[in-house]
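# Examination of the molecular architecture
The chain contents come next:
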Amino acid sequence: MKKWISLMLVAALVCSLVSGCGSEDPDAYVPTGDALLMEGDDPAAHLAGELPPQEFSLAYNTDRSMNPLIGYSFNNRVLFSLMYQGLFAISSDNVPVPILCSGYRVAPSNMIWTFLIDENATFSDGTKVRAEDVIASYEAARNSDYYKGRFTHVDSITVSEDGGVKFSLTTAYENLPLLLDVPIVKASDVEAANPRGSGPYRFEDALSGHQLSRVQNWWCGNAKIPVRADAIPLVEATSDSSVRDEFEFGDVGLVCTNPLLGSYADYRCDFEMWEVDNGVFLYLGCNVLYSDYFKNSDKLQKALTYAIDRETLNQKNYRGNGKTSTLAVSPLSPYYSASLASHYSYDSMKFLDLINGWTPPPKAEGAKEERKLKLLVNCDDSARLRTARDIAETLTELGIPCGTLEYSGTTHPTYEEVLRAGTYDIYLGQTRLSPNYNLSEFFRLWGNLSAGGLPVQSILDMCTKSLANSGNYYNLLQKIADDGRIVPILFGHYNVYAERGLFDGLAPARDNAFFYTLGKTMADIQIPMDNN
């Protein structure tokens, strides 16, 4: 309703300005609108700096999971940021801040980390957050598609002697807390449809429908968060365009969108917007294990990065909304180096120079048509399909005849089955990397992302060294780009839109639209090992 009133006021203002365009009276009153108050507003309150009531709704997907350990819907994950807390929250500049964690210590090897839970922390039902709840949440997350990539080097999670949570790792981690923003739920709720959390709001049924209700006696007390409403009505999200319409013309006050989706709808009203890294990574993978194009020579795989016109692909298929990258980290990441990335950009002449002397495999005996490089793509994603076809066309123009193999999750065989079978030469893959950009799963034997024989021990060793010391990421990214068995194309991000001026101090972060801190830093809560 507020937005309709605002639009009516704007229309009235425009009409008055148009009707007065012919006036030559220099003293004529021109309405500016900056003194207009909504019905019921108290001018004294505005002068005193008091904040007006915060009234808005949020959109959510009723047909998608409301369990934060498995739910993929980014609409629902906006709600999760108000309902749940992790041991840590991660800021937009990739810095962990303590939330449920009141203290931590780390062994000199950086392979054993112990975290203590704030003794005041409680769930929305008033029961205390225990180590058992934290462990149960992490074990459930380890088995979920959404979070399992974070546990590559986690050997065990147990209760420590002093009642904390102990992580034992198989390799050293410089900054394990970057991965520990996983929502903590009650141990008995890990498989529940709406688990209880420790955040400032809880999911409830109301006479008018579902809503988020402020938790009475929230354990964080008067901690400053961007939201102060007592209740937040929830609006069903039926499509991306319906969410946009509810934001532009209804009462929805904040939305999270994925501009890489083919269903993405542009926003054209007055808003504040933040780009938030989400780790989505689009890349080419080479089938170095089975493909005749790579078996006897690595010339083609090393040259492919120069055959990919990332900027054109981004503009044509993603409306310029991707973050193109020649490196296996997002340009939004602190590990990204623009100077290094510039060495691997699109350069058709360099591509032709590098494959000079390379001999493509002969066509099969008795075959009438020339042999083509087979590019596998999941055609469930229309933008990815168009991108694959464009890459195939470019390679063909550069003298490497290429065609696409188009499979989906419902074809027979499915895309995943073809990927595992290895009956292709290159594939266009998409995955979601963890906040610390752990690339081990590409290069680890039997890794989740190692299709096509990507594992190589030397690069895997560099991955683990980078986890132990982020200063090693430069050499790792250079090695991956030079090797060429994976060819980065672009990274995704979320666009978070908010009604202008509605939220104070809003600073959306990855998986945390309503990011807030409790005033503590990592340095504040570190416990020296000799004081153990």
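One can find the structure itself at the top, above this paragraph.
Presented here is an overview of the structure given in this document. Predicted, not measured: the structure shown is a model, and the values here were computed from it.

### What to know about the packing of helix α8 (residues 310-318) against helix α11 (residues 382-397)
Each pair of packed helices can be summarised by the angle the axes make with each other and by the distance between the axes. Two elements in contact, α8 and α11, have axes whose closest approach is 10 Å; the angle formed by their N-to-C orientations is 140 degrees. Relative to α11, the element α8 is oriented oblique. Crossing hand, α8 versus α11: right-handed. For the pair α8 and α11, contact is made by Leu313, Lys316, Asn317 and Tyr318 and by Ala383, Arg384, Arg386, Thr387, Asp390 and Ile391, respectively. Looking at the contact of α8 with α11 residue by residue, the classes come out as four nonpolar, two polar and four charged.

### A word on the nonpolar core
Core analysis: the largest hydrophobic core is formed by 144 residues, its most contacted members being Leu58 and Phe351. Leu58 has contacts with Val78, Leu79, Leu82, Leu212, Ile232, Pro233, Leu234, Val235, Val252, Leu254 and Phe514, leaving out every residue within four places of it along the chain. By size, the runner-up hydrophobic cluster in this structure holds eleven residues, among which are Val243, Val252, Val255 and Phe271.

### Notes on unusual backbone geometry
Both trends apply: most residues other than glycine have a negative phi, and most peptide bonds are in trans. Backbone torsion omega between His412 and Pro413 reads 0 degrees, so that peptide bond is classified as cis. For Pro413, the location among the structural elements is in the loop between β15 (402-407) and α12 (415-421). One non-glycine residue, Asn94, adopts positive backbone phi at about 65 degrees. The residue Asn94 is located in the loop between β2 (88-90) and β3 (96-98) in this model. We note that Arg319 has phi near 55 degrees; this positive angle belongs to a residue other than glycine. One can find Arg319 in the loop between α8 and β13 (323-324). For Arg319, a relative accessible area of 37% gives the class partly exposed.

### Concerning the environment of Tyr84
Looking at the element boundaries, Tyr84 is found in the loop between α3 (74-83) and β2. When its relative accessible area of 5% is taken as the criterion, Tyr84 is described as buried. Separated by 117 residues in sequence, Tyr84 and Tyr201 have C-alpha atoms that sit 8.2 Å apart. Dropping the residues within four chain positions of it, Tyr84 is found in contact with Met66, Pro68, Pro183, Ile184, Val185, Asn194, Pro195, Arg196, Gly197, Ser198 and Gly199.

### Observations concerning the sheet that holds strand β8 (residues 201-206)
Within the open sheet, the four strands sit side by side as β1-β10-β9-β8. Their pairing is mixed. On the outer flanks of this sheet lie β1 (58-60) and β8, each paired with one strand and no other. Within this sheet the neighbouring strands show an average axis-to-axis angle of 35 degrees, counted without direction. Inspection of the sheet shows strand β9 (residues 209-214) paired to strand β10 (residues 231-236) by three bridges, in the antiparallel sense. When the sheet's bridge partners are listed, Leu212 is paired in β10 with Ile232. Across the face of the sheet, α3 comes into contact with β1, β8, β9 and β10 while running at roughly 120 degrees to β1.

### Quick word on the packing of aromatic side chains
On inspection of all chains with the given rule, the structure shows 28 aromatic pairs. Between the aromatic rings of Phe281 and Tyr283, the centroid separation amounts to 5.1 Å while the plane-to-plane angle is 25 degrees, which identifies the pairing as stacked. Cluster of aromatic residues (ring-pair linked, three or more members): Phe281, Tyr283, Tyr424, Tyr427, Tyr437, Phe442, Phe443 and Phe491.

### What about the pairing of strand β6 (residues 154-159)?
Across five bridges, the pairing between β6 and strand β7 (residues 165-169) is antiparallel. Bridge assignment links Ser156 to a residue of β7, and that residue is Ser168.

Reading the values: the criteria
- Residues numbered from 1 in each chain as written.
- Predicted model: local features only at pLDDT ≥ 70, side-chain atom pairs only at ≥ 80, totals over all residues.
- Heavy atoms only, no water.
- Axes fitted to C-alpha atoms, helices over the stretch in contact; angles between N-to-C directions.
- Helix = DSSP H or I, 4+ residues; strand = E, 2+ residues; numbered from the N terminus.
- Parallel < 35°, antiparallel > 145°, perpendicular 65-115°, else oblique.
- Left-handed = near helix turned anticlockwise from the far one by under 90°.
- Contact = heavy atoms within 4.5 Å.
- Nonpolar A, V, L, I, M, F, W, Y, C, P; charged D, E, K, R; others polar.
- Core = buried A, V, L, I, M, F, W, Y, C linked by side-chain atoms within 4.5 Å.
- Buried < 20%, exposed > 50% of the residue type's maximum accessible area, 1.4 Å probe, protein only.
- Pairing = 2+ DSSP bridges.
- Phe/Tyr/Trp six-rings, centres within 6.5 Å; stacked < 30°, edge-to-face > 60°.

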